[in-house]
Amino acid sequence: MTAAFRKLRNNPQFLFIRLPYILSLLCIVAGVVWLFLLPLDDYSRKNYISENALLPGQVHAYFSGSEQHIFRGYKKELESLLGNDGSEEGQKNEERTPVITDKIQSILRAAGLKVATQEYEYTSSGITHQGENIYAIIQAPRGDATEAIVLVAAWKTVDGGLNLNGVTLALTLARYFKRWSLWSKDIIFVLPPDSKTGTQAWIDAYHDMQPSTVQPLPLKSGALQGGLVIEYPFNHRFENIHIVYDGVNGQLPNLDLFNTAVSIAGGQMGIGTRLQEMWDHNGSYEKRLQTMLRGMVKQGFGYATGAHSSFMPYHIDAITLQTHGNGWQDEMALGRTVEGLTRSLNNLLEHLHQSFFFYLLMQTHRFVSIGTYLPSAMLIAGNFTIMAIALWLRTGYSQGTPNAVAATKDEKNSEKAPLISQDNDVVEQETTNKAAERQLALPLTLVVGLHLLGLIPLYIFNNLSHGNYTLATLISIVTNALLPLLLAALLSRNSTTTQQTHLIKSLSLLLLGLFLSTLATLNFSLSFMIGLLCAPLSFMHRIFAETAPVLRYTLSIAGLVFLNILSPPVVLLAGCAYVGVSVETVLTEAAFGWDVWGMWTQVVVWCVWWPAWVVGGALVGASLF
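Residues numbered from 1 in each chain as written. Predicted model: local features only at pLDDT ≥ 70, side-chain atom pairs only at ≥ 80, totals over all residues. Heavy atoms only, no water.

### Observations concerning the overall build of the protein chain
Consideration 1: Looking only at helices and strands, the protein chain features 20 helices and 13 strands.
Consideration 2: Expressed as a percentage of the 625 residues in the protein chain, the buried residues total 53%. (Helix = DSSP H or I, 4+ residues; strand = E, 2+ residues; numbered from the N terminus. Buried < 20%, exposed > 50% of the residue type's maximum accessible area, 1.4 Å probe, protein only.)

Written out as structure tokens, the structure reads:
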């Protein structure tokens, strides 16, 4: 065994050519296998509540009886102003009129709450979003207005449905909560016109971070400790509660808040809970894996999944409670659940901090923490660093890869030994460790320039009118097909040395590994997905002139076609076709996320993924010239 290792150690072709590829491939395979092991019981844990002060389900909820009559009365008043019978068909396109706004304010004032309004306007992709938020504050009888809890019921759900029952329930709860003297925190009821812009405008203004087109808030309370969003967009009774927890840029609420909602709804109220739209979860490996992957996709895209997502950037834990199915649970059951959650948050002595902020849920009672799943993305990112270091070492010697390990001081330095030249040929030459000066000007200029060039498509796709997105995507595909060939022709014309070619790839992969390993700690899912899409870049390089022309041209063309299939705009088109959504819709939502939510997924795409892809395409294309 020792002799075998010594033989491999003395083989420079293995150490500097084959070994990095083997290690990179092993890292990629290990990262993917690691991810698929996570749903197993040995790698995941049962959910538990770390914050004892929450005391979920330890109090009796009194929201029932006569409050149902109040709910029905409020609902009848709003339905009469809508001008329809309140059916689902008649509610699809109903907008909140000024008359309804005045009515909501009068109901809140009659209940004894302080009421205020806020107008706002956003413009994104040539579309103007404007509206008026209504919010009211219950001042805590036992508090000093230093802390508050937020309850949100938007007029339109995140899917565009009319949230009439949700708004009515919020009004009923406001009247009900006002009569209790147990509150130690203020309770704020926010009633925005929609779930995408209204809540964002309100929370930005609450922290004095609003743009000029958003009015400041005339009324404020203390630091927000948590938020709950109510969505009940249909008239019939529901079967279970769908808990939505994904935030912007992959941010997540404290796991204690999610566990508290599951404990109160399922344990105390007897209401089933679901997540990630998995309606029939039987706890099997397949269902766990599917749930986890759905959560990773939403986290990786980084868009807001509901009104609760607007709270995440301000470190406010929030979730959305969506009713689902057709069962025997009514609005009173949902109201008691909200009451139980509010009273649990009211018990908090400090901000939620003990449980996890980085996790992957695979069912309502099982999760994986960051310490378990993080190595998966780190292994993917590590393969780029391994290849970058290997290429850097190969460029540090004048004759090529040194047989530094093979030649010891006791051996004759004049002995002939096979070494790997800069153009990957095995030649007979003197064993030497003489260092060579690296020519870094061209590689640094090209790699840094391409990363800066990514700012151009980033700006274009975030500022175009929504009607031009499809055309812009097609132009981007054509441009991406030609740009690597243009760079390849320039590199060949300038007689780029083999050392410079390796340095270009080394620096590009080094930056890619650095960015993805850092991103994995912030948004694991995005880092993992980008890492898999960029994985072929570690194994594709320039084919030098010594290779047979037919084979060289064939491999280069095949490599370019394969890389173009993995280009960002082509992946976007393929994803849209698979999901059945138009490119215009996706890019409009992405631009809206950039302008309103502060979403930075596009930065990773155009300033991390795209430059590395262009470098890979240029090096493969250089084999044609």
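### Brief notes about helix 13 (residues 455-463)
Consideration 1: Three or more residues of helix 13 are buried, namely Pro457, Leu458, Phe461 and Asn462. Seen along its axis, helix 13 keeps its buried residues to an arc of 125 degrees; they face one direction.
Consideration 2: Of the surrounding secondary structure, the elements contacted by the buried residues of helix 13 are helix 12 (441-453), helix 14 (469-493), helix 19 (583-597) and helix 20 (601-621). (Arc of directions from axis to C-beta. Contact = heavy atoms within 4.5 Å.)

### Focus: the sheet that holds strand 8 (residues 272-274)
Consideration 1: Read across the open sheet, the eight strands follow the order 2-3-5-4-6-9-7-8; overall the sheet is mixed. Unpaired on one side and paired on the other, strand 2 (114-124) and strand 8 mark the two borders of the sheet. Strand after strand, the sheet turns through a mean of 25 degrees between neighbouring axes, direction not considered.
Consideration 2: The pairing of strand 4 (residues 147-152) with strand 5 (residues 186-191) spans five bridges and is classified as parallel. Within strand 5, the residue paired with Val150 across the bridge is Ile188.
Consideration 3: Against the sheet, helix 5 (residues 98-110) touches strand 2, strand 3 (127-138) and strand 5, its axis set at about 15 degrees to strand 3.
Consideration 4: Across the sheet, helix 7 (residues 198-206) touches strand 2, strand 3, strand 4, strand 5 and strand 6 (223-231), and the angle it forms with strand 2 is around 110 degrees. (Pairing = 2+ DSSP bridges. Axes fitted to C-alpha atoms, helices over the stretch in contact; angles between N-to-C directions.)

### With respect to the UniProt feature "transmembrane region" (unreviewed entry) in the protein chain
Consideration 1: Under the UniProt annotation, the feature "transmembrane region" (unreviewed entry) is placed at residues 21-40, 373-393, 440-461, 467-491, 557-583 and 603-624.
Consideration 2: Secondary structure across residues 21-40 divides into 85% helix and 0% strand, with the first and last C-alpha atoms of the span separated by 30 Å.
Consideration 3: Annotation note: span residues 440-461, helix share 91%, strand share 0%, distance between end C-alpha atoms 33 Å. (UniProt positions renumbered as here; feature names shortened; annotations may be inferred.)

### Details of the pattern of salt bridges
Consideration 1: Applying the stated criterion to the full structure yields ten salt bridges.
Consideration 2: A salt bridge links Lys103 to Glu77; its shortest N-O distance comes to 2.5 Å. Of this pair, Lys103 sits in helix 5 while Glu77 sits in helix 3 (residues 66-82), and the two are 26 residues apart along the sequence.
Consideration 3: Residue class for Glu77 comes out partly exposed when judged on its relative accessible area of 30%.
Consideration 4: The partner of Lys196 in a salt bridge is Glu589, with the nearest N and O atoms 3.4 Å apart. Residue Lys196 is found in the loop between strand 5 and helix 7, and its partner Glu589 is found in helix 19; the two are separated by 393 residues along the sequence.
Consideration 5: The exposure class assigned to Lys196 is partly exposed, which follows from its relative accessible area of 28%.
Consideration 6: The structure contains a network of salt bridges with shared partners spanning Asp41, Arg288 and Arg366. (Salt bridge = Lys/Arg side-chain N within 4 Å of Asp/Glu carboxyl O.)

### Brief notes about the nonpolar core
Consideration 1: Ranked by internal contacts, the top residues of the largest apolar core, which has 68 residues, are Ile104, Leu108, Trp155, Leu171, Leu173, Phe177 and Phe189.
Consideration 2: Grouped together as the second largest cluster of nonpolar side chains are 46 residues, Leu516, Leu519, Leu587 and Trp613 included. (Core = buried A, V, L, I, M, F, W, Y, C linked by side-chain atoms within 4.5 Å.)

### Overview of the side chain of Ser376
Consideration 1: Take Ser376: it is sitting in helix 11 (residues 370-394).
Consideration 2: Of the residues examined, Ser376 reaches a relative accessible area of 0% and is grouped as buried.

### A short note on a nonpolar patch on the surface
Consideration 1: The grouping of Leu25, Val29, Val33 and Phe539 at the surface amounts to a nonpolar patch, some 320 Å² of accessible area in total.
Consideration 2: Along the chain, the position of Phe539 falls in the loop between helix 16 (524-534) and helix 17 (549-565). (Patch = residues over 30% accessible without salt bridge, like charges linked within 9 Å, V, L, I, M, F, W, Y side chains within 5 Å. Areas by Shrake-Rupley, 256 points an atom, 1.4 Å probe, with all protein chains shown as cover.)

### Topic: the packing of aromatic side chains
Consideration 1: Under the counting rule described, the total for this entry stands at 21 aromatic pairs.
Consideration 2: On the numbers, 5.3 Å between centres and 75 degrees between planes, the contact of Tyr232 with Phe234 is edge-to-face. Pair check on accessibility: Tyr232 and Phe234 agree, each one buried.
Consideration 3: Taken together, the aromatic side chains of Tyr62, Phe63, Tyr176, Phe177, Trp180, Trp183 and Phe189 make up a single cluster linked through ring pairs.
Consideration 4: When the ring centre of Trp180 is taken as reference, the NZ or CZ atom of Arg343 above it lies at 5.6 Å. (Phe/Tyr/Trp six-rings, centres within 6.5 Å; stacked < 30°, edge-to-face > 60°. Lys NZ or Arg CZ within 6 Å of the ring centre and 35° of its normal.)

### Side note on the pairing of strand 5
Consideration 1: Buried residues dominate strand 5, accounting for six of its six residues.
Consideration 2: Side chains of strand 5 alternate between two faces, with Asp186, Ile188 and Val190 and Ile187, Phe189 and Leu191 buried alike.
Consideration 3: Across five bridges, strand 3 lies against strand 5 in antiparallel orientation. Across the sheet, residue Ala136 finds its bridge partner in strand 5, namely Phe189.

### A few points about the packing of helix 12 against helix 20
Consideration 1: Running from N to C, helix 12 and helix 20 cross one another at 135 degrees; their axes reach a closest spacing of 8 Å. When the axis of helix 12 is compared with that of helix 20, the two are oblique. Considering only the axes of helix 12 and helix 20, their crossing is right-handed. Counting all contacts with helix 12, which are made through Leu450, His451 and Leu453, the residues of helix 20 involved are Cys607, Trp610, Pro611, Val614 and Val615.
Consideration 2: Considered class by class, the residues forming the contact of helix 12 with helix 20 number seven nonpolar, one polar and no charged. (Parallel < 35°, antiparallel > 145°, perpendicular 65-115°, else oblique. Left-handed = near helix turned anticlockwise from the far one by under 90°. Nonpolar A, V, L, I, M, F, W, Y, C, P; charged D, E, K, R; others polar.)

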